[in-house]
Structures are given as structure tokens and as C-alpha cells.
Amino acid sequence: LFGNANVVTVAAHNTSSDYSIYGIPCLFFPFVSNFCTFFLPGDGVARESSPFINSAEMDRGNMYEGKNMALFEEEMDSNPMVSSLLNKLANYTNLTQGVVEHEADEDSKRKEVKVPRMGTFIGVYLPCLQNILGVILFLRLTWIVGTAGVLESFIIVFMCCACTMLTAISMSAIATNGVVPAGGSYYMISRSLGPEFGGAVGLCFYLGTTFAGAMYILGTIEILLTYISPSAAIFKAEEVGEETEAMLNNMRVYGTCIIILMAIVVFVGVKYVNKLALVFLACVILSIIAIYAGVIKTAFDPPDFPICLLGNRTLSKRSFDVCAKFTESNNETKTTTLWRLFCDSSLLNATCDDYFSLNNVTEIQGIPGIMSGVLADNLWSAYSEKGSIVEKKDQPSVAGSEDTKMGGLPYVFTDIMTYFTMLVGIYFPSVTGIMAGSNRSGDLKDAQKSIPTGTILAISTTSFIYLSCIVLFGACIEGVILRDKFGEAVDGNLVVGTLAWPSPWVIVIGSFFSTCGAGLQSLTGAPRLLQAIARDGIVPFLQVFGHGKANGEPTWALLLTAGICEIGILIASLDSVAPILSMFFLMCYMFVNLACAVQTLLRTPNWRPRFKYYHWTLSFLGMSLCLALMFICSWYYALIAMLIAGCIYKYIEYRGAEKEWGDGIRGLSLNAARYALLRVEDGPPHTKNWRPQLLVLLNLDSEQLVKHPRLLSFTSQLKAGKGLTIVGSVLQGIYLDKCTEAQKAEENVKALMGVEKTKGFCQIVVSPHFRDGISYLIQSAGLGGMKHNTVLMAWPQSWKQTENRFSWKNFVDTVRETTAAQQALLVAKNIDLFPTNQERFTEGNIDVWWIVHDGGMLMLLPFLLRQHKVWRKCKMRIFTVAQMDDNSIQMKKDLQMFLYHLRLNAEVEVVEMFENDISAFTYEKTLMMEQRSQMLKQMQLSKNEREREAQLIHDRNTASHSAPAIKASVAAAVPEKVQMTWTKEKFVAEKHKNKDSNVSGFKDIFNMKPNQSNVRRMHTAVKLNGVVLNKSQHAQLVLLNMPGPPKNRKGDENYMEFLEVLTEGLDRVLLVRGSGREVITIYS
């Protein structure tokens, strides 16, 4: 207003508290009122307190903070200023993996870790590359190419790479939708799909990572014992054919030792593992460069790796050195070691193996080179049975006799049966590792940019390496060597190594270190993932694994991981472990795709990824591909993995902590609920689909606790979790004053609903009048087609006490309103005698008194109750009343036929009620009732009015000074209460009233004759009560038609009396009033 704040001057008057600026009161300048507050003389206390500063010794600069937002000062405690919020976000530091999510960690003092923030190349690209390229590439890819052929191998690799690429696109979308704290894939899935899915998939991912560790360790031992130092084997094959078993036992022993060693390294410190990571990465990259260099060299100078063939069968060079039957030296023919392996002696006339005698021994080049055209031979698959000999397809051979024993002969045998789907399972682990970048999101400079770029680049690079390697292996290496899994035909060399330049040892040493490193990283990453899940508190039995060393290292989780890893080691076969971890990874990737698809289709407002190159169809395709690959790999493993995930899901749903993470599944539920509500027509359902959708009206006491908990027990027995249940209650007052009480009441009701296993919704209404609140509930509870059609309430036991807020007036009006709203009404009398959910009736009856037909509610309710364990053993009996001119025998037959068509089992009895004279008892009871109601009417005044009236009567009596007048006025005190207000004229009129009229007014109550209609009604109630008591006094539950209230409102209190008489002497009664529509049908 004045341009610069400095020009504002304050004119203060010592004599007045009206401070002003330029003589204008500060009142007119609310936006500069801060100056008035702080610069004016006075008591020195600031009139406004800043929402951010609580210190009394504020320096002058701080005094202004937040002051120019005085309008919002009431909200500052709950809603911070935007500036302070932005300041907090700017100082956001990522927590180490596994620490409680950042929202809950605001209060704890976080030390800013001085880590160099990494870019895309170092932080995402290289870790992904290192994790993806690994043991399968070096140990199994050549064998897969040889067995499946170049074309089918290409299909296998392409499918797996497409699966990971689509997953990476989905992952990029999720990872760029807000800050992803370290915790990687688990965090992304759990926050997108909710705690149940998050926990299930997180544990699957954990198991996958753990088994991956086992696979890498087995790979390490395989390289060590097969290619580096075969003599280090502890178990040796004593007999022919025991080689495989001996190798597996060696794996188990060495594996256990290595896992203990690795666990100790990880326990001592992760920093050593991280320091070695670069060394391991260098090994991988050097090995791959060596392969490509070797391929280029084969074009002009193929390496010399001769293979020895007998006919078309490949021979293992481990047993002999010269590839010939005999050699000639000094004109003398000598048999070779090979001859002695096939014949019974070294003599030329020895008896030899039939096939050996018939076929020649030839030697061919194992690596003919890229220009040789061997690719054409390797295009097609060569699957084989377990124990069959590796043969060269186009080599001539003469078949020998069939009965020759193959064992002990130096052939190259296949160790397992091979087929396409099995190879997919073995190969898939080589494309896993795409999460490596997102798992390190905490260390990235700009995670939202680096994760998509780095991951997709890494997948593109590795896909190119794999696909090119398949073609190059097929083009350079002879098929029999490709199918020779352990390189027996090439002197026990690693097959990939034979291709590499400058030496096979580059690959052997490189792959040894890379698999070692990958195993260490799995043992480092998996415990942290488990710790993250444990600390989230969604799986109660994992809580112990959230603890660790003082520096946060997950000690217990590491022990469990090492234990699970040991299971993989005991399996001992790399080919058996690979499909297991394929399952867990595929399931994890499937849910990443699902999370992205769900979020995209729901269009949740918070779904705003920075990565724009995604689409729900891609996510859906990725999800379908993952599912297909799971069943392609191994259908039984897939089912087991799904069963494990399903069990974890249900466990978290049943026992886990309630977490609200704004996840997609919750959004999906809301969308599905909205869709279903729109589909459910607003009109009434078909009779076949009708079930009581309850609105339960509860009474609360002054502590907001439920007065009759058994009403909820009865609700759960009647509903058994099916259909709609709305539990409603009314608080009297103004909502602004009572909102906290309403919340407390809602919490109490929900807690009780949980205890009583009542599945439904709670609705608390605050209304100035109790009566109106119930009306609001009856009118507005529910939504669309999901509205209640039945109201359940307890009988007001204390209706005769006028002070009771739920007096007979409210009750009768509620009955009228349910009728007007075409809703059924159930009134439970003596509700506190009803059974709890834990009780079981071993015998007894549920008696139905069917007096008037109101849609079949009376038939349906016992059937529904008997579905519950409490009432299951009770029998159903139906009584109906025959009048004078009814044929009771025919009635019974008709009723039995009706029940037969309704498919209900019940005993039927027709009770005859003959007209007889109205008894003196009935007459007396009616008279007492009418007298009482007259008295009640006259006592309807509020407490204040009664006190005021008593004062006026007292004044009148003291004024008259006559004894008879005093007597009369005392007698008249009760009837006078009909007068609601007292004016001066009325007072004068009263003063001059005749004493006789006073006395006669009082006598009228005792001289009145009962209304004939009331007498008739009372007669029915008394008679019917007698009949019911006679037949059903010992029944576990009595269901009765509830007569409607009178049309004339003057008789409301009489109506209550009729109902009281009707149900007198019965323990548990359910009064039923139908909605006027059929609720049960005989048709299918």
C-alpha cells in the first residue's frame, strides 16, 4: 500500500490503545498489522506467535517469519508454509536401503552421508551390465546354441530379452513417478500394488536373489573343479557312470565352504565387496572383449583345437592323447591308448568293440572359423535323451550291435535330457539383473533420469551381446563341441575359452572372478532386501530380521540368506537351480508390469511419470510374456512359486499390519466398486437375489460405547459376512461441537465390529434431535444400488421411563418410517439374552409364528440363521393360527406343500384360536393401559416447565388462603400439566376456577371407560401371547409378525403396551415386519 515498508511510521498515543498509521487505525491495514503488533508500545508481548518458532528469545529477523500469513495462522500447525516445505524437500537425503520409508523418518536426526552422487554410466549402466552378464554366458550359452540350434536359441534369447526390456520400460515409469527411496523393486511394487502384493513379490524377489547367489557359487565351483584344477576334487568316481554323482558331492562340499567364507566377508564389511566390484566388472568386460577378438581372429587364423571322432561319435580326449587306432613307427604298427580303451588287449588281434571295429577314427577342427560355413550345420536343434552320445550329423558311420555297453568307453555323453522349454528355464537367469540400477537409486545424482536411461541401455547392450554371441558361436564352432557341455572333446577346456583370444585362460579366470563377485553381491543385496521387508512391518514373523549390527548391517537376515543359499548348494546342479530362480524373478517382473498397467489404466492423479515412453499395452504384453515364460520353463515350479506368493499374500492380508500406501490395488478396488455400483440398478433386486441388507441401529452410552453388543453378534449370525451391513448410530448435538465424539464413537463401533466379526460399514450421524438423526440414517445410508432394505434395532426396554431418549415415541416413529421407506424391520426383544458368536446351541427350536403374510421374511430369516454355527443344530418350527371358519387340516397340508416348494425343512403346526368372550383380565389390562397413557400425556412437559408450573400453583394456593382450595389444587397438580404454557390470563382463569371442576378433572382418569378398539386389540395380544407361551416358551428364538402402529398417532403409547403384552414371558423374541414385497420364491 505504501510502496516500501520503511516509510511506515507509527503514531502512538500513550493515553489510548488505538494505535494508528498516519492517524488511520491499524484495524484498516490488516496486511501491515504486523508492524502495529511489533513496533507499538505496550506490554512487550507479541500479539501473534509464529507457527515455526517457539523460542521466547527470538532475534529481530525471526520476528517477521510467517507473520504476513496471519490469515492462515490457525492452520500452520497442521499445514506448513510452502517455503518451509520446499526447504525440507531440497534437503531430502535418501536413506540407506531397508530403513523405514522416508515419510515416517522425518523426526529422526539423519546424518548427511558424504557420498559422491553417481551418474547414469557408473550408477546404473555398469551395475546392470555386471549383473546381467554372468555365469550362464560363459558356462552354458555355447551348449544351449549347440542343443537348440542357432534359430531356436535366437528365439529363446529374444523372448527373454523382450521380457526384460518390457519390464524395464514399466519399471522406468514407476521409478520416475516420484522419489524411489533405496529398496528398489520391493519399494516400487509395494507402493504401487499395496502391502500384500509388495510383501509377496518382495519375498519372491528375495528368494530369487538368494538362489541366484547359490547359482553363482555353483558356477564358481564348476569352473574351479572342471577347468582350473580338476585334481582338487575330494570325491573321485570309483566306478564307471559315477562321475556325475562325485561331481555333485564335490559341489556340495566346496559350495558350503565358499558360502561360509562369503558370508564372513559380507559380515565383516560390505565396503570390501564394493571395492572388489570394479575388479569383477573388469573381468566380465575383458572376457567379452576376448570372445569378440577370438571370433575376428578365426576369420583368417582359426585356433588349433582338433576333435577326435569315431565314426560320427565324439570322443573325450581326457582319456587318450593320440587320435588314432594305431601308429606306425620304424615300420612297426603299435596300438594306441584309444585301442586299449575299446579292445580287451593291446594286441592287433584283440577282441574290440563292434562299433570301434566297423568305423574309422577321424580328426576334425573344433573351431573351423567364421568363414567355414559351419553355421548352416548349426542352424537346427539336436535335442537328446540323458546318457546319449554326442554325434556329428553328416559324418558317415556304420552301426554296431545294439547290445554293446557304452559305459566306460571314452565317448562324450549328454548328462541331462534336453528340450526347448528346459533350456528357456536354464537361460533366463542370464537376463536377470535389470533391477541393479533401481536398487541403487539412493546413490544416484538424478535417479529419475538415470534409471530409465541406464537400465534400457544396459538391456540393449546385453541383448546385442547375447544375440550376436549366439550367431557367432554357431558360425565359428563345430556343433559337437557346442553340445559338449564340459569341453571333454577339447582336452577339458571351457568351450567359450577355445574361441577366445589370446588364450582360453582369459575366459576361465575372468569368468571365475565374475561369478565369484556376482555371488558376493547376491549375498550382500538379498539380506538388505529382507531387512527392508522386515522393517516395513507387513510380515509379522519376519520382524526379527529387521535388526542388525549397530551400523545397520542385517546380521540375522544374512544368516537366513546363507541358510537358504545352502539349500541351493545342496541341490548342487546349476541346471536344476537356474529354473527355480527363473520362477521367482519372472514373478517379480510380472508384478512390476502389472503395477505399471494398473496405475496407467486407473489414471490415478498421482501417476505422473517423467519417463513418457510407456503404454499399458506394453506392460500387459510384458506381464503376459512373464507368465508364459514361467509355464514354459517349468509348469510345476511355476505353480509352486505362485502358491508360495499366494500364501504370503493371504498371510499378510490376514495377519499383517494395515498399511495405507496409496497403492494401485486400492485404487483398482475403488474403480471396481464404482463400476459395480453403477452396474447394480437402483431398483429393487429380483426376489431370488433378495437378502437382508441391514442397517443396524445402535444405542451408545455417555462414553460412546455400544449399549447392546449382542445386536452386532446377532447381525454377524444373520449375515455371515454376506451382503451389505451398515452399523449406524446417532449422537445428539451440533456436529461442530461433537465431531471428536463422533470419531471416538466410530472407532468404538468399528472395534466392536472387529471383535464380533461383523463385516460392514459404520456410519455415525450427529443431529440436534435424536429422532431426526435416525430418520437421516434410514433415508440416506448406503450408496446407489447398495442400500439397506432392512432395519435391525433393539426393543427399547425402558420405554416406560419418559427420560429415556429412545422413548416409545422415537421407536414408533422409526417403525412408521421404515414402512414409509418400504423397508423391512427387525426388532430384537431382550437382546442381551441373545447368544454370542462363541456359544453353540446343541438343541432347541427356532419357532416362527406366521400370522399374516408379509413377503416371506419370517421363512427366510430362520434359514439364514441356521447357516451360522450358533444356530445350526436348532430345528425350525412354523406355527400358523386358524380362525373359527378355517379348515385347519387343509391349512397344514397347504403349508407343508408351500414349505416343500420353498426347499425349507420345518415342522408345521396349525394352532386354533376360537372367538370367546373378552376376559375381565383383558378389560382391566386395557383400562390400566389407557389410564397410564393419559397420565403419560399429562407428564410430557419438560423439567423447566414443570418447575415453573409448580411455582405458579404454589402462588395460586398461597393467594387463596383457604384449606379446601389447597386440597383441590394439590389434587389438580397432575392434570394441569396438560397446559403447556402459562399466560397471565390463564393464571387469572385458573385462580377463579371452581374447586369442583378441579376435582372432577382428576376423577376423570379413574372413572374413564376403555376404548372398544383397544379392548379388542388387547384381547388379541393376550390370547396370542397365551398360545405362543404354551407352544414356544422354551424355544431358543421366537419370530413373530410385528403388528403395524395405529394410523391415529394418539394411540402410540397403547401400541407399545400391545407389543409388550404380546411378547410377555418369552426369552428371545424377534419381531419381524416385512417391507411389503416378496423376498422368497418357489421358482428356480
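If you check an unreviewed UniProt entry, the protein chain appears there as Solute carrier family 12 member 7 from Buteo japonicus. Under Sequence similarities (unreviewed entry), UniProt gives the following word-for-word description of the protein chain: "Belongs to the SLC12A transporter family. K/Cl co-transporter subfamily." Annotation of the protein chain in UniProt includes, under Subcellular location (unreviewed entry), the sentence "Cell membrane".

Caption draft 1: Up close: the packing of aromatic side chains. By the definition in use, this model includes 22 aromatic pairs. Consider the rings of Phe205 and Phe585, whose centres lie 5.6 Å apart with planes at 80 degrees: the pair is edge-to-face. Residue Phe205 is found in helix H6 (residues 184-228), and its partner Phe585 is found in helix H19 (residues 574-602); the two are separated by 380 residues along the sequence. Accessibility classification places Phe205 together with Phe585 in one group, the buried group. Judged by centre distance (5.8 Å) and plane angle (75 degrees), the rings of Trp339 and Phe356 are edge-to-face. Within this pair, whereas Trp339 is found in helix H9 (residues 337-342), its partner Phe356 is found in helix H10 (residues 354-358), the two being separated by 17 residues in sequence. Side by side, Trp339 and Phe356 carry an identical accessibility label, which is buried. Members of the aromatic cluster, each reached through a chain of ring pairs, are Phe326, Trp339, Phe342, Phe356, Tyr411 and Phe413. Over the ring of Tyr355 we find Arg313, and its NZ or CZ is 3.7 Å from the ring centre. The cationic tip of Arg313 hangs over the ring face of Tyr411; the distance from NZ or CZ to the ring centre is 5.3 Å.

Caption draft 2: Up close: the pattern of salt bridges. Inspection of the entire model under this criterion finds 19 salt bridges. With a shortest N-O distance of 2.5 Å, Lys650 and Glu653 are connected by a salt bridge. Separated by three residues within a single helix, Lys650 and Glu653 lie in helix H21 (residues 635-655), roughly one turn from each other. Classification of Glu653 by relative accessible area gives partly exposed; the value is 37%. Arg877 is the partner of Asp847 in a salt bridge, and the nearest nitrogen-oxygen pair spans 2.7 Å. Taken together, the residues Asp847 in strand E14 (residues 845-850) and Arg877 in strand E15 (residues 875-882) connect sequence positions 30 residues apart. Of the two residues, Asp847 and Arg877, both sit in the buried class.

Caption draft 3: Expanded view of the packing of H19 against H21. Where H19 contacts H21, the two axes come as close as 10 Å, and the packing angle between them is 45 degrees. Classed by the angle they form, the pair H19 and H21 counts as oblique. Between H19 and H21 the crossing geometry is right-handed. On H21, the residues that touch Ser576, Pro579, Ile580, Met583, Phe584 and Met587 of H19 are Tyr637, Ala638, Ala641, Met642, Ile644 and Ala645. Here the contact of H19 with H21 is composed, by residue class, of 11 nonpolar, one polar and no charged.

Caption draft 4: How the structure looks around the packing of helix H5 (residues 141-175) against helix H12 (residues 420-427). Following both chains from N to C, one finds H5 and H12 inclined at 70 degrees, their axes separated by 10 Å at the closest point. Between H5 and H12, the crossing angle belongs to the class labelled roughly perpendicular. Where H5 approaches H12, its residues Leu141, Trp143, Ile144, Thr147, Ala148, Glu152, Ile155, Ile156, Val157, Met159, Cys160 and Cys161 are matched on the opposing element by Phe420, Met422, Leu423, Val424, Ile426 and Tyr427. In terms of residue class, the contact of H5 with H12 is built from 16 nonpolar, one polar and one charged.

Caption draft 5: Molecular detail of the sheet that holds strand E4 (residues 306-310). Here we have three strands laid out as an open sheet, ordered E5-E4-E8, and antiparallel in their pairing. Two strands close off the open sheet at either side, each with one partner strand: strand E5 (313-314) and strand E8 (361-365).

Caption draft 6: Summary view of the environment of Leu864. For Leu864, the location among the structural elements is in helix H27 (residues 857-865). Residues Leu864 and Leu718 lie 146 residues apart in sequence; the distance between their C-alpha atoms is 5.9 Å. Leave out the neighbours within four places in its chain, and Leu864 touches Pro692, Gln717 and Leu718.

Caption draft 7: Broad picture of the state of the cysteines. Tallying each qualifying case throughout the model produces two disulfides. Between the sulfur atoms of Cys343 and its disulfide partner Cys352 the distance amounts to 1.7 Å. An S-S torsion of about 105 degrees defines the bridge between Cys343 and Cys352 as right-handed. The residues Cys343 and Cys352 share a single accessibility class, namely buried.

Conventions used here
- Residues numbered from 1 in each chain as written.
- Predicted model: local features only at pLDDT ≥ 70, side-chain atom pairs only at ≥ 80, totals over all residues.
- Heavy atoms only, no water.
- UniProt positions renumbered as here; feature names shortened; annotations may be inferred.
- Phe/Tyr/Trp six-rings, centres within 6.5 Å; stacked < 30°, edge-to-face > 60°.
- Helix = DSSP H or I, 4+ residues; strand = E, 2+ residues; numbered from the N terminus.
- Buried < 20%, exposed > 50% of the residue type's maximum accessible area, 1.4 Å probe, protein only.
- Lys NZ or Arg CZ within 6 Å of the ring centre and 35° of its normal.
- Salt bridge = Lys/Arg side-chain N within 4 Å of Asp/Glu carboxyl O.
- Axes fitted to C-alpha atoms, helices over the stretch in contact; angles between N-to-C directions.
- Parallel < 35°, antiparallel > 145°, perpendicular 65-115°, else oblique.
- Left-handed = near helix turned anticlockwise from the far one by under 90°.
- Contact = heavy atoms within 4.5 Å.
- Nonpolar A, V, L, I, M, F, W, Y, C, P; charged D, E, K, R; others polar.
- Pairing = 2+ DSSP bridges.
- Disulfide = S-S within 2.5 Å.

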